[in-house]
Amino acid sequence: MSVTVRAYEHGAGTALIRDALKPLSRGAHASAYVAVGDVIDTDDSDVFLKGHGTQVIGDRLVATQCGAVTRTDKLISVRPPRERYVARAGDVVVGRIVEIAGKRWKVDLQSQQQGSLLLSAVHLPGGVQRRRNAEDELAMRSVFREGDLVSAEVQQVYHDGGVHLHTRSLKFGKLEQGQLVVVHPGLVKRQRSHFISFEPLGVDAILGLNGLIWVGPHLPRGEDGAPAAAGGGGGAAAAAPEREVRERAVRVAAAVRALAALHLQVFPSSITEAYQLSLEKGVAIKDVPQPAFLKLLAEHEAARRHNVMAAEAGGF
Amino acid sequence: MAAAPATAGSSKPASVPLQPLPRPATLVADGTRLDGRGLEEFRTVFLDTRVISRAAGSAYAEFNSTKVMAAVYGPRQGERRFGFSDTGRLNVEACFTSFARREGGRQAQRAAEKELASCLAAALEPSVDLGKLPKSVLDVYVMVLEAGGSEAAVAATAASLALADAGVELFDLVAACSVSDVSGQLLLDPSAAEAAQQRGGLLLAAMPSLGEVTQLQMSGDWAPGAARDALELALGGCAQLRAGMRDTLLAAEAARQQQRRRDGGDGGGGGGGGGAAAMQE
Amino acid sequence: MQADISDAEKLYIAQGVAQGVRNDGRGCHDARPLELELGVVAQANGSARLHVGATDVMVGVKVSLVSPDAAEPAKGQVFATVECSSCASPEFKGRGGEDWGIDMAAALQSALQSSLDLGSLVVLAGKTVWAVHLDCLVLNDGGGVLGALSVAARAALAVTRLPKVEVTMGEGDDDEPEIELGDDSEGTPMGVTRVPVIVSVAQIGSRCVVDPSAEEEPCASAVLHFAVGPGGRLGAATKTGAGGIPQPALLEMLEAAQQLGPKVLRELDGFLAASAAAASARAA
């Protein structure tokens, strides 16, 4: 039973990662922060592609948003630090049902508009794709209720910003047996699969591109991706995970929070590294998102990037 | 602060300012309180049900100078703006009559009414099986006619009786009582004069048959051990009170049955039989 | 204020608590770390801002000279108000936050009235006393707001300085004494040793956890908030939540609060002493 009282430092996480990575940035490849209207250094090269958040005025590249300059080969773009999630077709997202209205569920995606999950876009129990009838509409609440978390895929984004979701594959649907970690959407990048299974740990994670991440103990799934637990959705009430598995799942969630505090990208290998580091250093789960471990994690990341850059330089 | 008497010939009667609450030097002497009670005795308790004919259920509780009336309306349709709900809603409103309290203007009275309402809601909610009342609301209205000490406790008791009288499905009756720490001595069911001089006060509402506490409010300053003793005293008091509440409800029902038999078949279901249970220790 | 949370998440949390593992890895008797900033509002006589998890609260203290209450001529006065800013949560807009704020302000005020040395706030008995106004602002709700407010209030009061007052008696017998406020820079501190901190203990299933987070609060059938002073003295207690608490659980929760409260006070006092020492070292 311990209590800590310490001084509050504004933006402690940002300061830590900035200090750790400062020695690595050099020259034009430095991540400079620019404000609206600033001219971006293009290395005196004529051949560049203007990316998001920039425009060409005359012969100069000017920023249209405040943020960090990112360069990918010849593509120069400006990423604002506090962007809200913008949906694109094919995105895997995690959202919370907020309303049931006329044959559709309204889903909060932490985006500018709520997502719509139509009754016809949902996989109903019974397996077979069948026509939705009036009874289904009355029984919508028995499928998803207000407050439930669901994983879904963005089916289509309309020109007025409306987002339509679907859960037609069995791997999508109501989320049970786990906890939600909310991070900034910019920290989750598009990947081959957003349904991660940390095999040796027995922990599963769903990385929603809108910044909502679901972490929980591994739920066995069948070939088609459907949960194989008895009674599908009712499996939650059936078997509570054992204490060890739960501790590992909670540690993974804490690792995700630590990465988010340092504004580092969240993807399977970064989560695994943060997890392993916390075990190596014998950090208690509740201390993982705290400044002491964040410092270690920032230094670890700096060392990793240094090695990567050294390898690249050596390869030339 | 005595008022000057009205002079002869003036048409307006002189207004008599409220006397401040008397503060006797000793409240307890040799284990006997000013009104002759022992330290762990309730005041004279009078409980009655079916006092308001229009309400689904109602009750009146009088602990000497603290008089509270409670009425229950419902269950009835909840308002749409609260959205869908699997469980019912308990809505409690409390008011003090303008002559109920000695001190405080309208502002203070409104604040006290809000506080009392939320205190009662918390005390009563665990006892009501709201799961059996989806999309419905139960309105409980409590009126304090005279505030002579421990109003919240008496109000909770009256409200719980009213809920039982209304036929709402309850897990148990809720009995509530207060305990005051006056100069190191614990007094059960304090009067206003005793509460005014307390070093620490405690309100406890419980469901005695289930052994569960539904509301706890403490104020003032309590030594660690004294708090525990006060809690145990209050729990005992609640158990006593619940027995009285049960007697009231059963007596009322017996009287109603007798009345029905006397009236024969001519539609006379009216008139609540008053079942009064006076508790004397 | 309740967070939006699904039944599945609540079940996961409840099962975890039963096993002694909370969602953030804490044990049932672990409180979250407290991050404190002092003197954040220059115009106030004392102020503090506290971060606990996602909860962010700020307390400003202003003192003024007033005539005492007729019923208590030899005591100063203390008032607390709590505002839940609409910026903090869309749930707070309109009346919702107001009622919650009123309840918390009442709890804080009652705790302070019985623990601050009000007799020491008298300038001229019967005529002039100090009135201490605490204005509390809830900037973000991450669970445990009442506890956070109590810690911030104690910290703000600890750094509050009462301006020096010079009383010159009138020349004649009927003349009113003159009261002059001294320089703000030299003030007297207030006696805050007995000011309690509020420890929240939630009942989840059959276990109790201290300092519930925002996601744990909706899982709790009941939460008890105890104002605990030094030595485990109890100041005040309130219950929130619609569930009943079995008698043995009630005593267990009381015990847990009486264990944790003094620890929080010790750490807080240590931090305040260290900051004061650092501040005077800087000034020197």
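This structure is a prediction, so every number in the text was calculated from the model and none was measured. Residue numbers restart at each chain and count upward from 1, following the sequence in its written direction. The naming scheme follows written order: chains are lettered A onward, ligands numbered 1 onward. Totals for whole chains, interfaces and linings use all residues, but because this is a predicted model, local features are given only for residues with pLDDT of at least 70 and pairs of side-chain atoms are given and counted only at 80 or more.

**Q** I'd like a rundown of the sheet that holds strand 3 (residues 49–50) of chain A, residues and numbers included.
**A** Residue and element names in this part refer to chain A. Taken in spatial order, the 4 strands make up an open sheet running 2-6-7-3, and their pairing is mixed. Two strands lie at the open edges of the sheet, namely strand 2 (33–34) and strand 3, each paired on one side alone. In terms of strand pairing, strand 2 meets strand 6 (residues 67–72) through 2 bridges, oriented antiparallel. What sits directly across from Tyr-33, in strand 6, is Ala-68. DSSP calls a pair of strands paired once it identifies at least 2 bridges connecting them. Strands are runs of DSSP state E lasting at least 2 residues, helices are runs of H or I lasting at least 4, and numbering of each runs from the N terminus.

**Q** How would you sum up the sheet that holds strand 15 (residues 195–198) of chain A? Please name residues and give values.
**A** Residues and elements named next belong to chain A. Pairing is antiparallel in the open sheet, where 4 strands are placed in the order 14-17-16-15. One side of each edge strand has no neighbouring strand; the edge strands of this open sheet are strand 14 (179–182) and strand 15. Strand-to-strand twist across the sheet, computed as the mean angle between neighbouring axes with direction ignored, equals 20°. By the bridge criterion, 5 bridges tie strand 16 (residues 203–207) to strand 17 (residues 212–217) in an arrangement that is antiparallel. Across the sheet, Leu-207 pairs through a bridge with Ile-213, a residue of strand 17. Fitted lines through C-alpha atoms serve as axes, helices being fitted only where they are in contact, and the angles separating the N-to-C directions of these axes extend from 0 to 180 degrees.

**Q** Run through the domain arrangement of chain A, naming residues and quoting values.
**A** All names here are of chain A. Assigned domains within chain A: domain 1 (12–79), domain 2 (83–174) and domain 3 (176–228 + 242–316). In this description, a residue-residue contact is defined by the distance between C-beta atoms placed from the backbone, which must lie within 7 Å. Taken together, the 9 residues of domain 1 in the interface contact 14 residues of domain 3. When residues in the side of domain 1 that touches domain 3 are grouped by element, the largest group, 7 residues, is from helix 1 (residues 12–21). Domain start and stop positions are those given by an automatic or database domain assignment.

**Q** Tell me about the packing of helix 5 (residues 243–261) of chain A against helix 6 (residues 268–280) of chain A, and name the residues and values.
**A** The description of two packed helices rests on the angle between their axes and on the distance between the axes. Residues and elements named next belong to chain A. Between helix 5 and helix 6, the least distance of the axes is 9 Å, while the angle of their chain directions is 110°. Comparing their axes, helix 6 and helix 5 come out roughly perpendicular. Facing Arg-251, Val-252, Ala-255, Val-256, Ala-258 and Leu-259 of helix 5, the residues of helix 6 in contact are Ser-270, Ile-271, Ala-274, Tyr-275 and Ser-278. Residue composition of the contact of helix 5 with helix 6, by class: 8 nonpolar, 2 polar and 1 charged. Should an angle fall under 35 degrees it is called roughly parallel, over 145 degrees roughly antiparallel, and 65 to 115 degrees roughly perpendicular, with every other angle called oblique. In the scheme used here, Gly and all other residues not listed as nonpolar or charged are polar, with Ala, Val, Leu, Ile, Met, Phe, Trp, Tyr, Cys and Pro taken as nonpolar and Asp, Glu, Lys and Arg as charged.

**Q** Any chance you could break down the pairing of strand 9 (residues 185–188) of chain B for me, citing the residues and the numbers?
**A** Residues and elements named next belong to chain B. Alignment of strand 8 (residues 175–182) against strand 9, held across 4 bridges, turns out to be antiparallel. When the sheet's bridge partners are listed, Val-179 is paired in strand 9 with Leu-188. The hairpin formed by strand 8 and strand 9 contains 2 residues between the paired strands, and Ser-183 there has a positive phi angle of roughly 50°.

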